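# Structure assessment
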Amino acid sequence: MFICTVRAGTLRLAGVLCLALVLLFGVAVAADSGVVYNPPAEVAVETASYARVKTDSDRLKFLSEIGWQTTGEVVEEESFTLPETFDRVLLGYNEIQKDQGFDLSRYRKKKVTRYTYEVTNFPDYDGKVYANMIVYRGKIIAGDISSADPMGFVRGLT
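None of the values given here were measured: they were computed from a predicted structure.

With that out of the way, let us pick up unusual backbone geometry. The phi angle at aspartate 124 is positive, at roughly 55°, despite the residue not being glycine. With respect to the secondary-structure elements, aspartate 124 resides in the loop between strand 2 (111–119) and strand 3 (129–136). Even without being a glycine, arginine 137 presents a positive backbone phi close to 50°. For arginine 137, a relative accessible area of 73% corresponds to the exposed category.

Within the secondary structure, glutamate 77 sits in strand 1 (residues 70–81). Look past the residues within four positions of glutamate 77 in its chain and what remains in contact with it is Thr113, Arg114 and Tyr115.

Taking 1.5 Å as the rise per residue, helix 3 (residues 88–99) with twelve residues should run 16 Å; its terminal C-alpha atoms sit 17 Å apart, in good agreement. The elements touched by buried residues of helix 3 are strand 3, strand 4 (139–147) and strand 5 (154–155). Positive backbone phi, at 95°, marks glycine 101, one or two positions downstream of helix 3.

With eight of its eight residues buried, strand 3 lies for the most part within the structure. Burial of the side chains of strand 3 extends over both faces: Val129, Ala131, Met133 and Val135 are buried on one face and Tyr130, Asn132, Ile134 and Tyr136 on the other. Across seven bridges, the pairing between strand 2 and strand 3 is antiparallel. Note that in strand 3 the partner of valine 119 across the bridge is valine 129. When strand 3 meets strand 4, the two strands line up antiparallel, connected through eight bridges. Residue pairing across strands places asparagine 132 opposite aspartate 144, the latter belonging to strand 4. The turn linking strand 3 back onto strand 4 is made up of two residues, and arginine 137 within it adopts a positive phi angle of 50°.

A few words on the side chain of asparagine 94. Mapped onto the fold, asparagine 94 is located in helix 3. Taking the relative accessible area as the measure of exposure, asparagine 94 reaches 3% and is therefore buried. From its side chain, asparagine 94 meets the backbone nitrogen of leucine 104 in a polar contact 2.8 Å long. Filtering out sequence-adjacent residues up to four positions away, asparagine 94 remains in contact with Phe86, Asp103, Leu104 and Ser105.

Rules used in this analysis
Residues numbered from 1 in each chain as written. Predicted model: local features only at pLDDT ≥ 70, side-chain atom pairs only at ≥ 80, totals over all residues. Heavy atoms only, no water. Helix = DSSP H or I, 4+ residues; strand = E, 2+ residues; numbered from the N terminus. Buried < 20%, exposed > 50% of the residue type's maximum accessible area, 1.4 Å probe, protein only. Contact = heavy atoms within 4.5 Å. Expected span 1.5 Å × (residues − 1). Pairing = 2+ DSSP bridges. Polar contact = N/O pair within 3.5 Å; in protein donor to acceptor, adjacent residues only side chain to side chain.

Structure representation (structure tokens):
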């Protein structure tokens, strides 16, 4: 009689090896077919730094680097602590942030500061538009462009 036993670690290793082979095969097929990724023309290469934004001039420079012109003055500055659990509104806002590479859930229970600037070059909109940046220890951890209209819009910075 022959008995074979397999540990969970062995199964996990086999799964990882299979996944690696599938990925390697996919890369080989893509390279062989000549598929090259070319981003759309409207995607701008960002050279703006999300770190080292400790002063007002640093924040204004950042907004300018990503293409937003402002009145040059902080409209509002508010410090607050992010909650431990996010409500529905904050979860929705965090989805906007995740789409642009941020994630507020990493900063739960941290004291952050929101800086708001009036944007003067938002296209095809007559109302007031604001740029909001949420900063933690001199680093931008979230941001948005939004209208002052209650039925308006909220979108990512870029």
